[in-house]
Amino acid sequence: MGYDITGKTVLVTGAAGFIGSHFVEEAVSRFPETDFVVIDILTPHAGRLENLAPVQEMDNFRFIQGDICDVALMDEVMKDCDVVVNFAAESLVDFSVRDAEQFIRTNIDGVYRMVKLGMKHGIDFFLQISTDEVYGENLGEPSKENAPFCPTNPYSVTKAAAERMIFAEDRAFGFPYKIVRMCNNFGPRENLHNAIPVFTCRAVRENRIPVYGDGRQIREWMFVKDAVEAIILVLLNGGIGEVYNIGTGVRIQNIELARRVARILGKDESVIKFVPDRPGHDVRYAIDSSKIRETLGWEPRYSFDEALERTVLWFASNLDTIEPSGFSRR
Ligand SMILES: NC(=O)c1ccc[n+]([C@@H]2O[C@H](COP(=O)([O-])OP(=O)(O)OC[C@H]3O[C@@H](n4cnc5c(N)ncnc54)[C@H](O)[C@@H]3O)[C@@H](O)[C@H]2O)c1
């Protein structure tokens, strides 16, 4: 039996960012009998109110600018919520390598506080949006959900800690949760500091695509709309206390990704320039997503190349409105 969200109130945190905004856009129109309350602090590097423009006028949508670590605010908001879907996070690995303080605050403290408030108010469940990076670098068989945690950068350490905090609350008090661990998402509105937007924006503006190190790092890629379908499926039909990997099996080297972006933009490969590597850069992530496919029937629907082209062209044609002046990453 699935979870009926008709008449319920779903709190979505961090939905002015990339994936959360796509989730809200889909869910608010698909479930008109459900109220969606979004809380986002609008960090300068990730939160954009414009990302919520498609749903701004919908009757079942409400936005609150706020901090998930603000206990008084969250207490007030969560007392009327049935479900929490937590996208809010500091999500940029490069930033975390330089300084992890804000990551510890939002990604661990923020989750801990919401979990405690969730227990207090008896929410139906807490859906944590987590990452394949909790498994750490993977040079062998793709990680299943029961693989050990071995996070290697400060971002993934905080995401793993958040999950462990949820498990601890469940073990002690029976806290109801669901967790998804996703591979790299891409699509329109992705954070400008991430690889595909950086490759596209730099290629268009400066005729160069900066690639870390030797470009041999491998990531698994999923179009954000496939991720949203999987998250909605877990929201409705996922089991309480269950963890689901969400990935496509499409694993490619960063250098190959750069080549494909160049090709889409009609550029020669000579635009690709190697730049000093990220310290401690993991070589490969790979997850086994057979559980969500077999138990919930999810399959990715978008072809990687078509979705990549759509994404690159979106960034190229929206560059002037989305890229803050003076923005530079590599
Ligand atoms: N992007 C990916 O490829 C990917 C892959 C796996 C998992 N995830 C996870 O998915 C979630 C969303 O990722 P994204 O790429 O959309 O991130 P994002 O950085 O684009 O968005 C994060 C949002 O959280 C908000 N936020 C940050 N701190 C907050 C706070 N203290 N209170 C309230 N809001 C706050 C930001 O303003 C922003 O709108 C994150 O939890 C991330 O760890 C992302």
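Residues numbered from 1 in each chain as written. Predicted model: local features only at pLDDT ≥ 70, side-chain atom pairs only at ≥ 80, totals over all residues. Heavy atoms only, no water.

**Q** Report on the site of the ligand, specifying residues and quantitative values.
**A** The immediate surroundings of the ligand are formed by 29 residues, with Asp40, Ser91, Tyr155, Lys159 and Asn185 found nearest. Note that a nitrogen atom of the ligand is positioned 3.2 Å from one of the side-chain N or O atoms of threonine 106. When the free accessible area of the ligand is taken as 830 Å², the share hidden by the protein chains comes to 97%. Elements with a minimum of two residues in the shell around the ligand: helix 1 (18-30), strand 5 (125-131), helix 5 (154-173) and strand 7 (184-186). The element that contributes the greatest number of residues to the shell around the ligand is strand 5, accounting for three residues. Partitioning the shell around the ligand into residue classes produces 14 nonpolar, twelve polar and three charged. (Near = heavy atom within 4 Å. Polar contact = N/O pair within 3.5 Å; in protein donor to acceptor, adjacent residues only side chain to side chain. Areas by Shrake-Rupley, 256 points an atom, 1.4 Å probe, with all protein chains shown as cover. Helix = DSSP H or I, 4+ residues; strand = E, 2+ residues; numbered from the N terminus. Nonpolar A, V, L, I, M, F, W, Y, C, P; charged D, E, K, R; others polar.)

**Q** With reference to specific residues and values, describe the domain arrangement of the chain.
**A** When the parts of a complex come together, some accessible area is lost, and that lost area is often used as the size of the interface. The assigned domain composition of the chain is domain 1 (9-185 + 220-246) and domain 2 (191-219 + 251-284 + 302-322). Taken over C-alpha atoms, the centre of domain 1 sits 26 Å from the centre of domain 2. Listed per partner, the contact involves 23 residues of domain 1 and 24 residues of domain 2. Both faces considered, domain 1 and domain 2 share a buried interface measuring about 2100 Å² in area, 52% of it formed by carbon and sulfur atoms. For domain 1, the biggest contributors to the area lost against domain 2 are Glu220, Trp221 and Phe223; these three give 32% of the whole. Between the two partners, domain 1 and domain 2, sit two salt bridges. (Domains from an automatic or database assignment. Contact = heavy atoms within 4.5 Å. Buried area = accessible area lost by both parts, 1.4 Å probe. Salt bridge = Lys/Arg side-chain N within 4 Å of Asp/Glu carboxyl O.)

**Q** I'd like a description of the pattern of salt bridges, backed by residues and values.
**A** For the structure on display, the rule yields 24 salt bridges. Across the salt bridge formed by lysine 79 and glutamate 76, the nearest N and O atoms sit 2.9 Å from each other. The partner of glutamate 169 in a salt bridge is lysine 116, with the nearest N and O atoms 3.1 Å apart. Here the residue glutamate 169 occupies a position in helix 5, and lysine 116 occupies one in helix 4 (residues 101-121), the gap between them amounting to 53 residues.

**Q** Run through helix 5, naming residues and quoting values.
**A** If you check helix 5, its first and last C-alpha atoms are 28 Å apart, about what 20 residues at 1.5 Å a residue would give, namely 28 Å. Turning to helix 5, its buried residues are Tyr155, Ser156, Thr158, Lys159, Ala160, Ala162, Glu163, Ile166, Phe167 and Glu169. Between the side-chain oxygen at the start of helix 5 and the backbone nitrogen of tyrosine 155 there is a gap of 3.1 Å, and the oxygen is on asparagine 153. Remark: glycine 174 follows helix 5 within two positions and exhibits a positive phi of approximately 75 degrees. (Expected span 1.5 Å × (residues − 1). Buried < 20%, exposed > 50% of the residue type's maximum accessible area, 1.4 Å probe, protein only.)

**Q** Can you lay out the sheet that holds strand 6 (residues 177-182) for me, pointing to particular residues and giving the numbers?
**A** The strand order across the open sheet built from seven strands is 3-2-1-4-5-6-10, with neighbouring strands paired in parallel fashion. Each having just a single partner strand, strand 3 (61-65) and strand 10 (242-246) make up the two edges of the open sheet. The sheet shows a mean angle of 15 degrees between the axes of neighbouring strands, direction not considered. Relative to strand 5, strand 4 (residues 83-86) is paired through four bridges, and the arrangement is parallel. Directly across from asparagine 86, in strand 5, lies its bridge partner glutamine 128. Sitting on the sheet, helix 2 (residues 71-78) touches strand 1 (9-13), strand 2 (35-40), strand 3 and strand 4, and the angle it makes with strand 2 is about 175 degrees. (Pairing = 2+ DSSP bridges. Axes fitted to C-alpha atoms, helices over the stretch in contact; angles between N-to-C directions.)

**Q** Explain the sheet that holds strand 7 residue by residue, including any values.
**A** What the three strands build is an open sheet, ordered 7-9-11; its pairing is mixed. Two strands bound the open sheet, and with one partner strand each, they are strand 7 and strand 11 (251-253). For this sheet the average axis-to-axis angle between neighbouring strands, irrespective of direction, equals 50 degrees. Sheet topology places strand 7 next to strand 9 (residues 218-223); three bridges connect them, and they run parallel. In the strand pairing of strand 9, phenylalanine 186 is matched with phenylalanine 223.

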